[in-house]
Amino acid sequence: PQWGGFYFTGEYAFNLGVGFASDPHNFGRAWFPCFDNFTDRAIYYTNVTVDSSYKAYANGYLTETIDNGDQTTTFKWTMDEPIPTYLASVAIAKYEEVVMNVNDIPVILTSLAKDTANLRSSFENLPACIERFEQVYGAHSFDRIGFNCVPFNSGAMEHATNIAYPLYAIANGSKTSETLYAHELAHHWWGNTITCRTQEDMWLNEGWASYSERIFLEAVYGRARYNEDIEENHRAVLQFAHVQDGAILPVSGIGHANTYGRHVYNKGADMVHTLRGMMGDTAFFAACAGFQQEFKFQDVSTEDMLRFFDEYTPYSLSGFFNQWIKEAGFAHFDILWVLEQEGFYNVRIKQTPRFNEVKYQNVAVALTAFSASWERYDAQVMIMNNEQTFKVACPFEPVYWAFDFEDKISDAVTTDWASLSGSGEVEMPQSLMRKITYDAGNADSILLRIEHHWAPADGTFGVPTGAVISRQRYWTVDGIWGDDTELSSELIYSGLTTPSPEYGYLDNELIRITEDSLVLLYRATASMPWQVAPDYIKNTGSLFDKRGSIAISKLKKGQYALAMYDANLASGGSISTTKAEFRAYPNPADDVLTIEFADKHDCCVVEITNVQGQVVLSEKLKGKSSTKKLNIAKLAAGTYFVGVVTDNLAYDIKRVVVE
Ligand SMILES: [Zn+2]
């Protein structure tokens, strides 16, 4: 069954006002005649007659309960505030109430009697949530707050004052799903009070509600928890949003198929975090509350938000809305070099975006300098160009410069940092390095920051001849420490396209058949040539599984990147000693291509690419034999290159014509 519509499930009857697959998504028409869009608003009177053992909840407040004298009861509900059709709702069951009053707003939570203890426990932090949302977004617009538990297994629905909330989220009284009620409550500002005018701007509802989950975490659990959650989401978006949505998409301007996709929810939330980071808390929250007030019970567009929020900053936010929100892909910045000149420090910043070639402008961000004794100086700068030098009057001699040390903007970098004393091991999951050991040496403590850049490693200053450097990622290791500090770490490389955060979509463009030629490159600064890194060991496991790990025994300040590099080829040396003698026939071929080796092999990988260099067929052939047959019936007529790698890493490429 598709998500949305009207449900009669066991002892419950309820609706979900949105149809994920229906067009339009608005799904009021599933149960009443209406103009089903985001712009038409109405007030509602909902009368529900049920068997007298049941209770019916609808939008607004209860005006009358009528005993009809025939074992039926009629519940009359009134919704004074105008809402679009998708926010209208009823929920019917043998409900019991858990009642609260927060900031003078009546709160009614309902569930079956057997579930009320769980309900109470799971919603323990709801008052704090309501208080924070009112504080930052302005007063709640509706007459009450209501959640009804329903037997549903996938998400919740933010019907105004009458939220459909899944039973699984209160199971065992657990608080593990509490960001779900924060999300639905946040919709009472983002979605219910102001509503996206079109499905293309769904991020104004869902991106903001998803971001508000983090506002809730920040209020209840503190800033560290907020940062952790923001960074985790940021990494998931960078790594998988384009895979999960099937395309690299913007946040605004999304079509019907992805209205409720990852770019809208997760990247949307990530970008709201960025907007807050650029504007600063005072201006950002003032703009949020002002926007709610200005457009109360109206539909809005991204342009409306740009025009309104722009009034709260001394510089233009058009860069943010037109690029971060409306362009697919991610901004990415890195420090190229820092040069001292007459008491100033010239800091050179370069953009190498992920998945696009946009020149990001009006990017408000901090450059942070640290001295050897951990004094800190923040310089606010405004990025306008692909490459740009900022003159910073740092009052001390800096030993470490960081771009966006606080991760206030979500460019294509995930980071972890730690202050470390003595020796031990430290977890830095967002750095994508692991088994990090440290010995601070004589220092009281060291500051270690590892950045994982989800962007092309810049090769401007040189790579070893013949090396193909990763277009997907590289690392920067830096911080405050001296020569007597010792660090080591390990990183995972993977050419796999799996949903696993540890292995998925990291090096799939680089590692195509075998990791035999994979090397780790290093450079001390971003303005030096890359060289093969010292002090590392590659643990390949099988050479054909496209994954393994690299242990770095002496982790140094600087940058690390993966590359494919065959020293034999680079030096012009012959590869004949490892050439896999094979024939491919018939040529021209039709349905079946036979690969014949001079000797027998347990395993070989065959990859066929077209003349554009796209892989059209990749197959692992097993079984000890000297001939292997390949079904190529699906290939269109044309010229192809057949590459073969055998288990002893011999390889060769042949040109084949398919008819
Ligand atoms: Zn939502």
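Residues numbered from 1 in each chain as written. Predicted model: local features only at pLDDT ≥ 70, side-chain atom pairs only at ≥ 80, totals over all residues. Heavy atoms only, no water.

Here we take up the pairing of strand S22 (residues 433–439). Strand direction decides the pairing type here: strand S21 (residues 423–426) and S22, joined by four bridges, are antiparallel. By the bridge assignment, Gly424 is partnered in S22 with Tyr438. Hairpin connection, S21 to S22: the antiparallel pair is bridged by six residues, and Leu432 has positive phi, about 55°. Here S22 runs beside strand S25 (residues 486–494); their pairing, made up of five bridges, is antiparallel. Across the sheet, residue Asp439 finds its bridge partner in S25, namely Glu486. (Pairing = 2+ DSSP bridges. Helix = DSSP H or I, 4+ residues; strand = E, 2+ residues; numbered from the N terminus.)

Attention now moves to empty space enclosed by the protein. For the structure on display, the rule yields four cavities of 30 Å³ or more. What the largest cavity holds in volume is close to 70 Å³. Lining the largest cavity are Asp334, Ile335, Leu336, Lys350, Thr352, Pro456, Asp458, Tyr474, Arg523, Ala526 and Gln559. The biggest single contributor to the lining of the largest cavity is strand S14 (residues 333–341), with three residues. Across the lining of the largest cavity, the residue classes break down as five nonpolar, two polar and four charged. (1 Å grid on protein atoms, 1.4 Å probe; cavity = no way out; pocket = protein on both sides within 12 Å on 5 of 7 lines; lining within 4 Å. Points joined across faces, edges and corners; volume = space filled by probe spheres on them. Nonpolar A, V, L, I, M, F, W, Y, C, P; charged D, E, K, R; others polar.)

Glancing now at the sheet that holds strand S29 (residues 547–552). The strand order across the open sheet built from five strands is S21-S22-S25-S29-S28, with neighbouring strands paired in antiparallel fashion. A single partner strand is all that each edge strand has here, and the edge strands are S21 and strand S28 (536–539). For this sheet the average axis-to-axis angle between neighbouring strands, irrespective of direction, equals 15°. Pairing of S25 with S29, which is carried by six bridges, proceeds in the antiparallel orientation. Within the sheet, the bridge partner assigned to Glu490 lies in S29 and is Ala551. (Axes fitted to C-alpha atoms, helices over the stretch in contact; angles between N-to-C directions.)

What follows concerns a negative patch on the surface. A contiguous patch of negative charge on the surface is contributed by Asp439, Asp483, Asp484 and Glu486. One can find Glu486 in strand S25. (Patch = residues over 30% accessible without salt bridge, like charges linked within 9 Å, V, L, I, M, F, W, Y side chains within 5 Å. Areas by Shrake-Rupley, 256 points an atom, 1.4 Å probe, with all protein chains shown as cover. Salt bridge = Lys/Arg side-chain N within 4 Å of Asp/Glu carboxyl O. Lys, Arg positive; Asp, Glu negative; His and termini not counted. Charge placed at Lys NZ, Arg CZ, Asp CG, Glu CD.)

Taken together, the protein donors to the zinc ion comprise His183 (NE2), His187 (NE2) and Glu206 (OE), at separations of 2.0 to 2.1 Å. Within one chain, the residues serving as donors to the zinc ion are arranged as H-x3-H-x18-E. With His187 in the loop between helix H3 (178–186) and strand S12 (194–196) and Glu206 in helix H4 (residues 203–221), this residue pair connects regions lying 19 residues apart in the sequence. The class for His187 is buried, based on a relative accessible area of 0%. According to the relative accessible area criterion, Glu206 is buried, its value standing at 3%. (Donors = N, O, S within 2.8 Å, 3.2 Å for Na, K, Ca; no water. Buried < 20%, exposed > 50% of the residue type's maximum accessible area, 1.4 Å probe, protein only.)

Attention shifts here to the side chain of Glu451. For Glu451, the position within the fold is in strand S23 (residues 446–453). On the basis of relative accessible area, Glu451 is assigned to the buried category, the value being 8%. Polar side-chain contacts of Glu451 include one of 3.3 Å to the side chain of Arg449. Of note is the side chain of Glu451, whose polar atom sits 2.9 Å from the side chain of His453. Those residues in contact with Glu451 that sit more than four places away from it in its chain are Asp334, Phe403, Val413, Thr414, Thr415, Tyr474, Trp475 and Thr476. (Polar contact = N/O pair within 3.5 Å; in protein donor to acceptor, adjacent residues only side chain to side chain. Contact = heavy atoms within 4.5 Å.)

Looking now at the packing of helix H8 (residues 302–310) against helix H9 (residues 318–325). The packing of two helices is summarised by the inter-axis angle and the distance between the axes. Running from amino to carboxyl end, H8 crosses H9 at an angle of 150°, the nearest separation of the two axes being 9 Å. With respect to H9, the element H8 is oriented roughly antiparallel. At the point where H8 passes H9, the crossing takes the right-handed sense. Contact with H8, carried on its side by Thr302, Met305, Leu306, Phe309 and Asp310, involves Ser318, Phe321 and Ile325 of H9 and no other residues of that element. Within the contact of H8 with H9, the residues separate by chemical class into five nonpolar, two polar and one charged. (Parallel < 35°, antiparallel > 145°, perpendicular 65-115°, else oblique. Left-handed = near helix turned anticlockwise from the far one by under 90°.)

Time to look at the domain arrangement of the protein chain. Annotation of the protein chain at the domain level lists domain 1 (5–188), domain 2 (195–325), domain 3 (333–569) and domain 4 (576–658). Computed from C-alpha coordinates alone, the two centres of domain 1 and domain 3 are separated by 48 Å. (Domains from an automatic or database assignment.)

This brings us to the environment of Pro588. For Pro588, the position within the fold is in the loop between strand S31 (582–585) and strand S32 (592–610). Excluding its chain neighbours within four sequence positions, the residues that come into contact with Pro588 are Val657 and Glu659.

Okay, the state of the cysteines next. Overall, the coordinates contain zero disulfides when judged by the stated rule. Here Cys34 stays unpaired: no disulfide links it, and the sulfur of Cys196, its closest cysteine neighbor, is 16 Å away. On the accessibility criterion, Cys196 (0% relative accessible area) is buried. (Disulfide = S-S within 2.5 Å.)

It is worth spelling out helix H2 (residues 126–137) at this point. Taking 1.5 Å per residue as the helical rise, H2 with its 12 residues ought to reach 16 Å, and the 16 Å between its terminal C-alpha atoms agrees with that figure. Looking one or two places after H2, you find Gly138, whose phi comes out positive at around 100°. (Expected span 1.5 Å × (residues − 1).)

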